[in-house]
Every structure is written in structure tokens, then in C-alpha cells.
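Chains, contacts and geometry: an overview
The primary structure of each chain is shown beneath.
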Amino acid sequence: MKVDTMRKVDFYAGVPLCFLATWIRKALDLFASGPSVSAPRKVLLIELSEMGSAILVDPAMRKLKRAGCELYFVIFKKNKPSLDLLKTVAEENIFTIREDSFGVLVKDTLRFLLWCRKNQIDTIIDLELFSRFTALLTGFSGATRRVGYYKYHNEGVYRGDMLTHKVWYNPHMHIAKNFISLVNACLAKTVEVPFTKSVITDEEIGLARAEISPAHRESVQSKLDSIEPNLASKSLVLINANASDMLPQRRWPKEFFAALIVKILQQYPKSYVLLTGAPQERTELDQIVQMVGHKQCINFAGAVKFAELPALYDLAKVMISNDSGPPHFASVTELPTFVLFGPETPSLYGALGNSTPITLELSCSPCVSAWNHRKTPCSDNQCMKQLSPELVFQKVSSKLNQVLSTPMTHSLESQALHDLQ
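Below is a short write-up of the structure.

About the cut-offs
Residues numbered from 1 in each chain as written. Predicted model: local features only at pLDDT ≥ 70, side-chain atom pairs only at ≥ 80, totals over all residues. Heavy atoms only, no water. Helix = DSSP H or I, 4+ residues; strand = E, 2+ residues; numbered from the N terminus. Buried < 20%, exposed > 50% of the residue type's maximum accessible area, 1.4 Å probe, protein only. Contact = heavy atoms within 4.5 Å. 1 Å grid on protein atoms, 1.4 Å probe; cavity = no way out; pocket = protein on both sides within 12 Å on 5 of 7 lines; lining within 4 Å. Points joined across faces, edges and corners; volume = space filled by probe spheres on them. Nonpolar A, V, L, I, M, F, W, Y, C, P; charged D, E, K, R; others polar. Pairing = 2+ DSSP bridges. Axes fitted to C-alpha atoms, helices over the stretch in contact; angles between N-to-C directions. Parallel < 35°, antiparallel > 145°, perpendicular 65-115°, else oblique. Left-handed = near helix turned anticlockwise from the far one by under 90°.

Its place among the elements puts Arg250 in the loop between strand E7 (235–240) and helix H9 (254–267). The class of Arg250 is buried, set by a relative accessible area of 5%. Excluding residues that lie within four positions of it along the chain, Arg250 makes contacts with Ala243, Ser244, Asn322, Asp323, Ser324, Pro343, Arg374 and Met384.

Quick look at empty space enclosed by the protein now. Over the atoms rolls a probe the size of a water molecule, and its path tells where empty space is left. Counting across every chain of the model gives one cavity of 30 Å³ or more. In this structure, the largest cavity spans a volume of roughly 30 Å³. Every residue lining the largest cavity is listed: Ala54, Ile55, Asp58, Met61, Ser82, Leu83 and Leu86. Among the elements of the structure, helix H3 (51–56) and helix H4 (58–66) are those that each provide at least two residues to the lining of the largest cavity. Of the residues that constitute the lining of the largest cavity, the class distribution is five nonpolar, one polar and one charged.

Sheet architecture is open: six strands sit in the order E3-E2-E1-E4-E5-E6, paired in parallel fashion. This sheet does not close on itself; its edge strands, each paired only once, are strand E3 (94–97) and strand E6 (165–167). The mean angle between the axes of side-by-side strands here comes to 15°, regardless of whether they run parallel or antiparallel. Direction of pairing for strand E2 (residues 70–76) relative to E3: parallel, over a ladder of four bridges.

Turning our attention to the packing of H9 against helix H10 (residues 282–292). Running from N to C, H9 and H10 cross one another at 45°; their axes reach a closest spacing of 9 Å. When the interaxial angle is binned, H9 and H10 end up oblique. When the axes of H9 and H10 are compared, the crossing they make is right-handed. Here H9 contributes Lys254, Glu255, Phe257, Ala258, Ile261, Val262 and Leu265 to the contact with H10, which in turn contributes Glu284, Gln287, Ile288, Met291 and Val292. Within the contact of H9 with H10, the residues separate by chemical class into eight nonpolar, one polar and three charged.

Distances and angles like these do not, on their own, reveal function.
Structure, rendered in C-alpha cells:
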């Protein structure tokens with residue numbers, strides 16, 4: 001289903017269902033002893049729609065594992081590969097829900113509720129900020145400990161009241177730390193209102209590094225060298241010019257990417273620029289390749305499998321990307337990334353790895369949040385359009401000077417400009 005269709009279903013069906021489910025849940029809880037403070041054993045985390053969030057939640061999941069919990073996870077099937085990068089959750093403990101159609105969604109939901117009971121899930125953590133669908137999954141999972149964000153006195157998204165451990169979502173704190181606060185509530189020995197009153201340090205959200213198999217490294221090297229001999233050993237710059245359909249306002253104009261690539265190839269003539277993305281994005285990326293008109297700008301979309309991305313990132317020198325999944329995937333390696341932000345803020349959703357955000361911080365930005373379903377009325381994303389290629393190049397040039405071949409002299413640069421015109 002399309003994103004807007006899912007939002008409409010979540011609202012028009014979700015609101016009355018959450019209202020009804022709240023009273024059913026309260027009736028069932030009359031026979032319970034109240035919020036459980038016993039140690040959780042089998043913890044299920046729900047994060048359906050964001051591949052990048054599967055990386056951002058990893059520090060929280062590892063904290064649960066250190067506490068002796070067995071982890072389970074439910075995610076949309078198309079986003080499941082993001083969990084495979086760090087392999088924190090065992091394969092057999094991951095449940096995938098298909099969103100191909102409303103009927104398939106309902107069928108997989110019923111299967112999920114049975115799966116929870118079969119695996120005797122005692123604790124469920126809803127990582128979503130505004131989804132009524134995940135609120136319903138949480139409420140009817142059968143878990144005695146149900147942890148999630150609760151709005152308390154805030155106006156806005158209604159998700160019912162089915163939680164035993166209600167956590168205050170902090171819109172001024174990085175989402176990775178917000179995820180840690182959910183885990184702290186899960187592990188709390190006493191009841192707090194709201195959960196949880198604790199300091200979360202930057203050290204707690206450090207990411208693990210992906211293990212790159214020799215087979216994946218060899219496969220990526222082979223695919224690169226098939227384009228040009230020894231390409232794998234060249235100075236590779238990765239460009240991710242795409243953003244998900246969920247928030248198209250995050251996209252930097254294609255002509256800006258083309259202008260930036262021209263500047264990079266002019267200044268660093270021994271570098272190669274690879275445009276990365278999914279197979280279905282090749283056609284759009286071809287437009288950028290044509291604008292650049294240089295043999296060292298290569299459309300590499302769909303060339304490697306998702307599991308091979310860490311190997312590609314390990315071979316590359318730097319990545320420049322829209323605010324989307326790839327900077328989060330790259331954060332499990334040492335690859336330096338530069339991420340262009342506009343309608344979203346890096347303070348909340350910045351990648352946790354070796355990443356530098358680039359943003360103008362216009363007065364209207366960020367314009368999306370948990371309280372508006374990350375949906376904005378803006379049809380003219382000046383927060384991205386005013387982010388000029390010259391400014392971005394200035395921001396990244398210091399790192400490029402460190403990791404790429406020696407920059408051209410001024411006279412050689414002038415000659416390159418003439419050749420490309």
C-alpha cells in the first residue's frame with residue numbers, strides 16, 4: 001500500500017479501534033496486578049516502517065541483551081534487511097509483516113498475535129511515535145509488560161491507553177536516546193510517572209560495527225572491477241541522491257547533485273563518483289549521470305545486494321547523502337558521511353556513526369515531527385533549495401582533502417572546467 005493510504009487507514013480505522021481496544025484492555029487488566037516490575041525475559045520490539053530506525057535502536061537492544069533478555073522483533077518485510085546488518089536479533093526471532101494489500105496486512109497481523117503467544121512474549125516495546133497500528137499490536141500481543149510513548153497532557157496523536165509502562169517522549173533528545181529511555185522503563189525496578197527519570201549519556205548510544213565477510217568484500221570488489229579494472233582500489237565517493245516517498249521534501253535537487261559531482265571530479269581528478277540506490281532508482285539516477293557527463297560518474301544503483309553494503313562502504317572514502325537510510329546503514333562502518341537535512345533535524349535523527357549533518361536551519365525547519373505524522377504541507381522545500389552545491393562542497397572539502405588524492409592546482413582546475421563546458 002502507498003504511504004498516504006496507510007496513513008488514512010491508520011487514522012480512520014485506527015482512532016475508533018484504539019478507543020475500543022482501550023476499554024477492552026482495561027477490562028482485561030482488572031484481573032492483572034498492575035505494572036510489572038519483575039525482570040523481563042522475552043522482549044519484543046516493534047518498529048515497522050523505518051529501516052534507519054532499525055540501526056538507531058541497536059544500542060537499546062544491546063542494553064537489553066546485557067540485561068539477560070532474549071530479543072524478538074517485528075518489522076515490515078521490505079525493511080527486514082536492515083536488521084541483518086548487525087544481526088543483534090536472531091533470525092528465527094524476527095517476524096515480518098507484509099503491506100502488499102489490506103487483506104494481506106490483516107492476515108499477517110493475526111499470524112503475529114498468535115506468534116507472540118506461541119513464543120510466550122512477556123514484554124513488548126513499541127518504538128513507533130504515532131502509529132495506531134503498532135499501538136493495537138502492543139495492546140493485544142498478550143504481553144503483561146507493555147512499554148511505549150504516551151502523550152499525557154499533550155494535544156495531538158491519539159493512540160488509546162494500553163500501556164503498562166508509559167514513557168515521556170522527549171522531542172529535544174536524539175531518538176536513539178529516546179529508545180534507551182524505553183529500555184530503562186522496561187528494566188525499571190519501581191514504577192515511575194512518567195518513565196523514566198534517568199540520565200542517558202552519549203556513550204550509551206555508540207554503535208557496534210558490522211562484520212564484513214570475505215565473500216561480500218570479494219563480491220563487491222569484483223562488481224567494481226567489472227566496470228573498470230582496479231576500480232575497487234580507486235578513490236570512491238558515494239552519492240545517495242534519493243529519499244523515501246514518505247517525505248519527498250528531503251530530496252536535494254538533482255541538478256544540485258550534478259553540480260556537486262562536477263566540482264568533486266574537477267578538484268579531485270583521480271576520484272570516482274558512484275551513485276548508489278535501489279534497482280528501481282536507476283532511471284532517475286541516469287538523469288544525474290547525463291547532467292555530469294563524465295566517465296568517472298557511474299550509476300551504481302542496484303549493483304550490490306543490501307547485505308553487501310558494509311563492504312562497499314568499507315571500500316569507499318566518503319558518502320554524501322540526502323537524509324535517508326544509507327547514512328544509517330553506513331554508520332555501522334567507519335565511512336565518513338555528510339547528510340543533507342531540511343524538513344527533519346539531525347538533533348533527533350542524525351546518523352550515529354562518523355557522520356556530519358549539513359543544514360541551513362531555516363525558521364520553518366524542521367517542519368515534521370511525531371505530532372504531525374511527519375507530514376508537511378510544504379510544496380516548496382527552500383530548506384533544501386537554498387542549500388547550494390557551493391556551500392555543500394565547502395562543507396565537505398576539508399574531509400575530501402584528507403581522504404582523496406591531492407587536489408588539482410588552480411591551472412589544472414581551470415583547464416578541467418574548460419573541458420567540461
